[in-house]
Amino acid sequence: MEHTVPNRMHPLLAIAAFSLTLVSLVGAASILGLLPNSQAKGSVSPDMAAPTTQISQPLTAQAQPQQPEPQPRQVVEHRTVVHHTYAPVRQASRDDDQPRVVQAPVQRAPAPQNSAVGIGLGAVVGGLLGNQVGDGRGRTLATIAGAMGGAYAGNEIAKRNQQQQ
């Protein structure tokens with residue numbers, strides 16, 4: 001009687017592989033700037049920043065000078081600075097009695113944002129195309145690579161469509 005070894009992957013191993021892949025993709029998307037940044041502003045109350053304790057000292061005949069209490073830590077808020085580009089200023093010559101002529105600032109279109117629909121559709125199409133390549137583990141790797149490439153391409157196509165509108 002021959003003993004055959006099943007050629008199946010344990011479900012927990014498959015879940016671990018999937019979660020590792022998902023975390024890696026989210027990390028890569030964050031590094032590439034495809035995920036939105038947090039706009040949260042943290043603040044710490046002065047009571048929580050530097051707790052103080054009072055220690056009673058024995059009375060002595062000579063009064064000791066009081067030391068100033070330490071100042072609580074201050075929270076530093078970082079702000080984003082936006083530099084606007086303006087058209088060059090045209091000035092009249094000093095001989096003329098005319099005032100300076102200043103042109104209105106140049107209005108620029110807002111930068112296109114990442115599109116979740118473009119990323120999703122691109123990933124699906126890229127995954128389907130990648131699934132048509134190879135056999136076994138090669139097919140799995142081609143599917144993952146196709147999904148990643150499709151997500152990037154779908155996002156870029158959606159950005160171009162936003163610019164044209």
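Draft legend 1. Inspection of the packing of helix α3 (residues 116–130) against helix α4 (residues 137–164) at higher detail. Put simply, α3 and α4 touch, their axes get as near as 6 Å, and they point 145° apart. α4 is crossed by α3, and the crossing has right-handed handedness. On α4, the residues touching Gly118, Ile119, Gly122, Ala123, Gly126, Gly127 and Gly130 of α3 are Arg139, Ala142, Thr143, Gly146, Ala147, Gly150, Ala151, Gly154, Asn155 and Ala158. Looking at the contact of α3 with α4 residue by residue, the classes come out as six nonpolar, 10 polar and one charged.

Draft legend 2. View of a nonpolar patch on the surface. A surface patch of nonpolar side chains, about 380 Å² in accessible area, is lined by Phe18, Leu22, Val26 and Leu35. One can find leucine 35 in the loop between α1 (11–32) and α2 (46–49). A relative accessible area of 37% places leucine 35 in the partly exposed class.

Draft legend 3. Just the confidence of the model for the chain, in detail. Mean pLDDT for the chain: 76, with 69% of residues reaching 70 or above. Across the chain, the secondary-structure element scoring lowest on mean pLDDT is α2, at 50, and the one scoring highest is α3, at 89.

Draft legend 4. The environment of proline 112, seen in detail. In this structure, proline 112 sits in the loop between α2 and α3. Here proline 112 falls in the partly exposed class, since its relative accessible area comes to 24%. Here proline 112 is in contact with Lys159, Gln162 and Gln163, once residues within four sequence places are set aside.

Basis of the calculations
Residues numbered from 1 in each chain as written. Predicted model: local features only at pLDDT ≥ 70, side-chain atom pairs only at ≥ 80, totals over all residues. Heavy atoms only, no water. Axes fitted to C-alpha atoms, helices over the stretch in contact; angles between N-to-C directions. Helix = DSSP H or I, 4+ residues; strand = E, 2+ residues; numbered from the N terminus. Left-handed = near helix turned anticlockwise from the far one by under 90°. Contact = heavy atoms within 4.5 Å. Nonpolar A, V, L, I, M, F, W, Y, C, P; charged D, E, K, R; others polar. Patch = residues over 30% accessible without salt bridge, like charges linked within 9 Å, V, L, I, M, F, W, Y side chains within 5 Å. Areas by Shrake-Rupley, 256 points an atom, 1.4 Å probe, with all protein chains shown as cover. Salt bridge = Lys/Arg side-chain N within 4 Å of Asp/Glu carboxyl O. Buried < 20%, exposed > 50% of the residue type's maximum accessible area, 1.4 Å probe, protein only. pLDDT = per-residue confidence, 0-100.

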